[in-house]
Amino acid sequence: MRITNAYCIVTSPGRNFVTLKIVTDEGVYGIGDATLNGRELAVESYLTDHVIPCLIGRDPHQIEDIWQYLYKGAYWRRGPVTMSAIAAVDTALWDIKAKAANMPLYQLLGGKSRDGVMVYSHANGRDIEEAMDRVAQYQEKGFKAIRVQAGVPGLDKVYGVPKGGSYEPAIRATTPDESLWATEPYLDFAPKLFEAARDRFGWDLHLLHDVHHRLTPIEAARLGKALEPYRLFWMEDPTPAENQEAFKLIRQHTVTPVATGEVFNSIHDCRELIQNQLIDYIRATIVHAGGITHLRRIAALAELYQVRTGFHGATDLSPVCMGAALHFDSWVPNFGIQEYMIHAPETDAVFPHAYSFKDGYMHPGEAPGHGVDIDEELAKKYPYTQAYLPVARLRDGSMWDW
Ligand SMILES: O=C(O)[C@@H](O)[C@@H](O)[C@H](O)[C@H](O)CO
Ligand SMILES: [Mg+2]
C-alpha cells in the first residue's frame, strides 16, 4: 500500500477545525485532527507546505517510522504546531491501518479494557444558582461526572462562563478579547460553589473544576485545601506547568486530586510530574501530543506511577480527535475519565461518527478505524473565520494566564 495523496480540510461549523486526509493507492483513506485553537492555519501550513510532500509514496503501514521521521527529521523538535501536525498524520495512519485490518481501532491497540468510557461535561453558570441548575441538567442527561464553573462576584468575565449562547472560548475577531482576572475573589468564592453543589446533589456525583492555570503554586495549594471537604474528582490546571517542580508545593498541602496537561505536546512536558507523582491525571490528548503513537508512551509511563488518563475533550478538539480518543480510552489500562463537551450539531453533521453516549458513558462504536469521517462537500459551506482565545490581565494591566 502507498500514500498517493494527502491534503488539509479547513472548515468552521460552529468553530474552526483543520483535518488531514491521507489517501492510499488501495482506496483506503484515513483522517486526523490537526486543530490548534487560535493558531489553526499554522498547523495547516506546517502540514501542507512541509510534511505532506514527504508522505507521498510512503507505506502508510509504517506508522512508527513515519512518526520518527517527522519528529527527528524536522530537526526543530516538539511544540504545539509541530506535534499537532505529527498527531494528525499519526491518527490518519492508525485509521488506515485499522480500516485495512477491517477492525475498530481499539482492537488494534489491544482490545477493550472496559465496558464503557466514563465522560464528564461542563456545567457553567453566571452565578451559583445558574451553575447548580446546569449541573441538574447534565445529571438529568445521565452524566456521572460534571465539571462545575461559575462567574465570580466582582469579575465581569470568567473562564468557562459564556456570555449567552453555546460555550466556545475562541472568539471570532481580528484580535483577542481581553478579560480581567483577580485571584482573591476567586479563592474566596470557589469553596462556596462546591459547598452548594454537595448540598444540592450529594456525594454520588463526581465534581470537577478547572482553575485554568490562574494561580501561583501556593494559591493552588490553598484552593486545594479549601476544596478538600467537597471531595473533588480533580482540580485541573491549578498553576502553569512549565516548571513541573512547582507542583511539589501543591502536593505538600492538599490531597485534592490534580489534573493537568491539555496544553502539553510531548512526554517531556509531564515526565517529572508523573515520575514524582505530582499529578493524578494526565490530560494530554491525541491531537496535541503527537497522536496515538506518542500518547501510548505517555500513558505507559503514567501507568508505572498510578497516574490515570483524563484526556482533554473540549469542543475545539474535533470529533476526529474524540473518536480516536474513545478507542484509546476503551483500551488503555490506566484510564481515568474522558472530557466530552458535546459538539455543536453543525459540527457533528460535518464529522459523521460511530461513537455514542449513553447513561454517562461513551462507546467508540464498531466501525473499522476510529469511526469518524468528514463530509467534504458540507465542510465547504463553513469557511475559516479568524478566531482567538481570550487573553487575561490583572487589575493593574499585567498580563496573566487566561
Ligand atoms: O478543560 C477544558 O476543556 C478547557 O481548558 C478548554 O476548554 C480550553 O479552554 C480550550 O480547549 C482552549 O482552546
Ligand atoms: Mg482545561
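Residues numbered from 1 in each chain as written. Chains lettered and ligands numbered in written order. Predicted model: local features only at pLDDT ≥ 70, side-chain atom pairs only at ≥ 80, totals over all residues. Heavy atoms only, no water.

### A closer look at the site of ligand 1
At step 1: Around ligand 1 sit 16 residues in total, of which Asn37, His212, Glu262, Asp316 and Glu339 are the nearest.
At step 2: In this structure, an oxygen atom belonging to ligand 1 sits 2.9 Å away from a side-chain N or O atom of His312.
At step 3: Summarising the interface, the protein chains cover 96% of the accessible area of ligand 1, which totals 340 Å² for the free molecule.
At step 4: Taken together, the residues of the shell around ligand 1 break down into 5 nonpolar, 4 polar and 7 charged. (Near = heavy atom within 4 Å. Polar contact = N/O pair within 3.5 Å; in protein donor to acceptor, adjacent residues only side chain to side chain. Areas by Shrake-Rupley, 256 points an atom, 1.4 Å probe, with all protein chains shown as cover. Nonpolar A, V, L, I, M, F, W, Y, C, P; charged D, E, K, R; others polar.)

### Digging into the coordination of the magnesium ion (ligand 2)
At step 1: For the magnesium ion (ligand 2), every protein donor is listed as Asp210 (OD), Glu236 (OE) and Glu262 (OE), and the spread of their distances is 2.0 to 2.2 Å.
At step 2: Going along the chain, you hit the donors of the magnesium ion (ligand 2) in the pattern D-x25-E-x25-E. One end of the pair, Asp210, is in strand β8 (residues 206-210); the other, Glu236, is in strand β9 (residues 234-236), and 26 residues separate them in sequence.
At step 3: The buried category is assigned to Asp210, whose relative accessible area is 3%. (Donors = N, O, S within 2.8 Å, 3.2 Å for Na, K, Ca; no water. Helix = DSSP H or I, 4+ residues; strand = E, 2+ residues; numbered from the N terminus. Buried < 20%, exposed > 50% of the residue type's maximum accessible area, 1.4 Å probe, protein only.)

### Focus on the domain arrangement of the chain
At step 1: Under the domain assignment, the chain is made up of domain 1 (3-104) and domain 2 (108-366).
At step 2: Distance from the C-alpha centre of domain 1 to the C-alpha centre of domain 2: 26 Å.
At step 3: On the side of domain 2, 35 residues touch domain 1, which itself brings 33 residues to the contact.
At step 4: Three residues stand out in domain 1 for area buried against domain 2, namely Asp33, Trp94 and Pro104, and they jointly supply 23% of the buried area on that side.
At step 5: There are 2 salt bridges connecting domain 1 and domain 2.
At step 6: Note that Glu64 and Arg297 form a salt bridge whose closest N and O atoms lie 3.3 Å from each other.
At step 7: Put simply, the parts of the chain that give the side of domain 1 that touches domain 2 at least two residues each are β2 (17-24), β3 (29-33), α2 (63-73) and α3 (80-100). (Domains from an automatic or database assignment. Contact = heavy atoms within 4.5 Å. Buried area = accessible area lost by both parts, 1.4 Å probe. Salt bridge = Lys/Arg side-chain N within 4 Å of Asp/Glu carboxyl O.)

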